[in-house]
Amino acid sequence: MSDHELRVSKIRDGTVIDHVEGGQALNVLAILGIDGSEGYGVSVGMNVPSDRLGRKDIVKVEERELSQSEVDVLSLIAPEATINIVRDFEVVEKNRVTRPDSVTGVLSCPNRNCITNADEPVDTRFDVVADGVRCDYCSTILRADIADHIDV
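Notes on the structure follow. (Residues numbered from 1 in each chain as written. Predicted model: local features only at pLDDT ≥ 70, side-chain atom pairs only at ≥ 80, totals over all residues. Heavy atoms only, no water.)

Looking now at the pattern of salt bridges. Within the structure shown, the criterion is met by nine salt bridges. Of the charged contacts, one joins Glu70 and Arg64 as a salt bridge, the two residues approaching to 2.3 Å between their closest N and O atoms. Classification of Glu70 by relative accessible area gives buried; the value is 15%. For Arg96, the salt bridge is made with Glu80, and the minimal N-O distance between the two is 2.8 Å. Residue Arg96 is located in strand 5 (residues 90-96), and its partner Glu80 is located in the loop between helix 2 (68-77) and strand 4 (82-87); the two are separated by 16 residues in the primary sequence. Overall, Arg96 belongs to the partly exposed group, its relative accessible area being 49%. Each of Arg52, Glu80 and Arg96 takes part in a single network of salt bridges with overlapping partners. (Salt bridge = Lys/Arg side-chain N within 4 Å of Asp/Glu carboxyl O. Buried < 20%, exposed > 50% of the residue type's maximum accessible area, 1.4 Å probe, protein only. Helix = DSSP H or I, 4+ residues; strand = E, 2+ residues; numbered from the N terminus.)

This is how it looks when you write it as structure tokens:
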């Protein structure tokens, strides 16, 4: 296979999530709530060569465009990702993800003593910091294991 051959075919309409850190594609699908039962055509390329990342994952989802809140959560585990909107086999929009200042209701706090884990009617809220996210209630910082705490 030459460097110019496609490993996965083009999609007619939908979203291509490119430049995801190698090994994170299944977490991307989990964030999007995709398990195969929805009927979307999904293509996943894992650990493919990348000039920018060395190795990257690519996720293609047919007939679906992402909401801003989904993109915000993706940015936490894939800060280098690009989101490509495809219509009629053409990329009509291409955006790099930007990390939000905070995320609410999408992560669970690992601190068992945090008020968000005490059966109180309170949504989790995390401030996005340089090396991870910090719980707004108990100040616990999540770094490398953010994907393990996604609760969407």
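The rest of the description comes next.
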